[in-house]
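Letter by letter, the chains look like this.
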Amino acid sequence: MFKKILMGFIDQPLFTSLFVADFALLLFHRPPFLFSLVMVGALVAMSMYMGQKLELFRK
């Protein structure tokens, strides 16, 4: 499962860089409240997109 996630991120470098940058900004900086809400929404949307794209638990 970890290998499938890693390959999914390697196949989409722009998406991966946006995801990592968004996560790092939220983790290490204190953006304004409304901007942080937008960033958390984007992080959730990216996570849901990757979940659908990878289909980790499909049998």
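Because the structure is a prediction, the values reported are computed rather than measured.

So, how was this worked out
Residues numbered from 1 in each chain as written. Predicted model: local features only at pLDDT ≥ 70, side-chain atom pairs only at ≥ 80, totals over all residues. Heavy atoms only, no water. Helix = DSSP H or I, 4+ residues; strand = E, 2+ residues; numbered from the N terminus. Expected span 1.5 Å × (residues − 1). Buried < 20%, exposed > 50% of the residue type's maximum accessible area, 1.4 Å probe, protein only. Arc of directions from axis to C-beta. Patch = residues over 30% accessible without salt bridge, like charges linked within 9 Å, V, L, I, M, F, W, Y side chains within 5 Å. Areas by Shrake-Rupley, 256 points an atom, 1.4 Å probe, with all protein chains shown as cover. Salt bridge = Lys/Arg side-chain N within 4 Å of Asp/Glu carboxyl O. UniProt positions renumbered as here; feature names shortened; annotations may be inferred.

(A) Seen up close, helix H2 (residues 13-28). For H2, spanning 16 residues, the distance from its first C-alpha to its last is 22 Å, which sits close to the expected 22 Å at 1.5 Å a residue. Looking only at H2, the buried set comprises Phe15, Thr16, Phe19 and Asp22. Seen end-on, H2 carries its buried residues on one side only, within an arc spanning 135°. Away from its buried face by more than 90 degrees, H2 exposes Pro13, Leu14 and Phe28.

(B) Local environment of a nonpolar patch on the surface. Taken together, Phe2, Leu6, Met7 and Ile10 make up a surface patch of nonpolar side chains, about 420 Å² in accessible area. The topology assignment puts Phe2 in helix H1 (residues 2-11). For Phe2, a relative accessible area of 65% puts it in the exposed group.

(C) Looking closely at the environment of Leu18. You can see Leu18 is positioned in helix H2. Counting along the chain gives 24 residues from Leu18 to Ala42, while the straight-line C-alpha distance between them is 9.7 Å.

(D) Up close: the UniProt feature "transmembrane region" (unreviewed entry) in the protein chain. Following the UniProt record, one finds the feature "transmembrane region" (unreviewed entry) at residues 5-27 and 33-51. Between the C-alpha atoms that bound residues 5-27 the distance is 21 Å, and the span itself is 96% helix and 0% strand.

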